[in-house]
Amino acid sequence: MAEDLLAHYADKPLIDPYDVYQHLMDYWAETMQDDCYLIAADGWKAETYFDKDKKGKKKGWNCDLVPKALIVARYFGIEQAG
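Residues numbered from 1 in each chain as written. Predicted model: local features only at pLDDT ≥ 70, side-chain atom pairs only at ≥ 80, totals over all residues. Heavy atoms only, no water.

## Comments concerning the pairing of strand β1 (residues 48-52)
For step 1, the next point in the chain: Across 5 bridges, β1 lies against strand β2 (residues 58-63) in antiparallel orientation. Looking across to β2, one finds that tyrosine 49 is bridged to asparagine 62.
For step 2, the next point in the chain: A loop of 5 residues connects β1 with β2, the two strands running antiparallel in sequence, and glycine 56 in this loop sits at a positive phi of about 90°. (Pairing = 2+ DSSP bridges. Helix = DSSP H or I, 4+ residues; strand = E, 2+ residues; numbered from the N terminus.)

Next comes the structure, spelled out in structure tokens:
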């Protein structure tokens, strides 16, 4: 895959193919790697859970695998728009 990516951008003006590759690797390290590890360990399940404050009271929900904004947009779009 890395060779294909470098070959694709090799003849493009004003683009350093190694910058493209580095950007992909940075994105992998910062974003995708943790998600892939979660999927590998737990399977493809995006479970929500409640965050708690210091006193143990629920203060909102969260999901490690799918960003909250995507869940809200998909399942609560009408409420979000209204």
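## Observations concerning the state of the cysteines
For step 1, the next point in the chain: The full count for this structure, using the stated rule, is 0 disulfides.
For step 2, the next point in the chain: Of all cysteine sulfurs, the one in cysteine 63 lies closest to cysteine 36, which takes part in no disulfide; the gap is 15 Å.
For step 3, the next point in the chain: Take cysteine 36: its relative accessible area is 33%, and that puts it in the partly exposed class.
For step 4, the next point in the chain: With relative accessibility at 6%, the residue cysteine 63 sits in the buried group. (Disulfide = S-S within 2.5 Å. Buried < 20%, exposed > 50% of the residue type's maximum accessible area, 1.4 Å probe, protein only.)

## Examining the packing of helix α1 (residues 2-9) against helix α2 (residues 17-42)
For step 1, the next point in the chain: For the pair α1 and α2, interaxial distance at closest approach is 8 Å and the crossing angle is 140°. As far as their axial angle goes, α2 and α1 are oblique. Considering the relative orientation of α1 and α2, their crossing is right-handed. Contacts between α1 and α2 pair Ala2, Leu5, Leu6 and Tyr9 from the former with Pro17, Tyr18, Val20, Tyr21 and Leu24 from the latter.
For step 2, the next point in the chain: Of the residues belonging to the contact of α1 with α2, the class tally is 9 nonpolar, no polar and no charged. (Axes fitted to C-alpha atoms, helices over the stretch in contact; angles between N-to-C directions. Parallel < 35°, antiparallel > 145°, perpendicular 65-115°, else oblique. Left-handed = near helix turned anticlockwise from the far one by under 90°. Contact = heavy atoms within 4.5 Å. Nonpolar A, V, L, I, M, F, W, Y, C, P; charged D, E, K, R; others polar.)

## Some points on the environment of glutamine 80
For step 1, the next point in the chain: Mapping glutamine 80 onto the fold places it in helix α4 (residues 77-81).
For step 2, the next point in the chain: Expressed as a C-alpha distance, the spacing of glutamine 80 and lysine 45, which sit 35 residues apart in the sequence, is 24 Å.
For step 3, the next point in the chain: Excluding residues that lie within four positions of it along the chain, glutamine 80 makes contacts with Val72 and Ala73.

## A closer look at a nonpolar patch on the surface
For step 1, the next point in the chain: A cluster of nonpolar side chains, contributed by Met25, Tyr27, Trp28 and Met32, occupies part of the molecular surface with about 350 Å² of accessible area.
For step 2, the next point in the chain: By relative accessible area, which is 33% here, methionine 32 ends up partly exposed. (Patch = residues over 30% accessible without salt bridge, like charges linked within 9 Å, V, L, I, M, F, W, Y side chains within 5 Å. Areas by Shrake-Rupley, 256 points an atom, 1.4 Å probe, with all protein chains shown as cover. Salt bridge = Lys/Arg side-chain N within 4 Å of Asp/Glu carboxyl O.)

## What about the environment of aspartate 35?
For step 1, the next point in the chain: For aspartate 35, the position within the fold is in helix α2.
For step 2, the next point in the chain: By relative accessible area, aspartate 35 is classed as partly exposed at 25%.
For step 3, the next point in the chain: Residues aspartate 35 and leucine 65, 30 residues apart in the sequence, show an inter-C-alpha distance of 6.1 Å.
For step 4, the next point in the chain: In this structure, aspartate 35 is in contact with Asp64 and Leu65, ignoring residues within four places of it in sequence.

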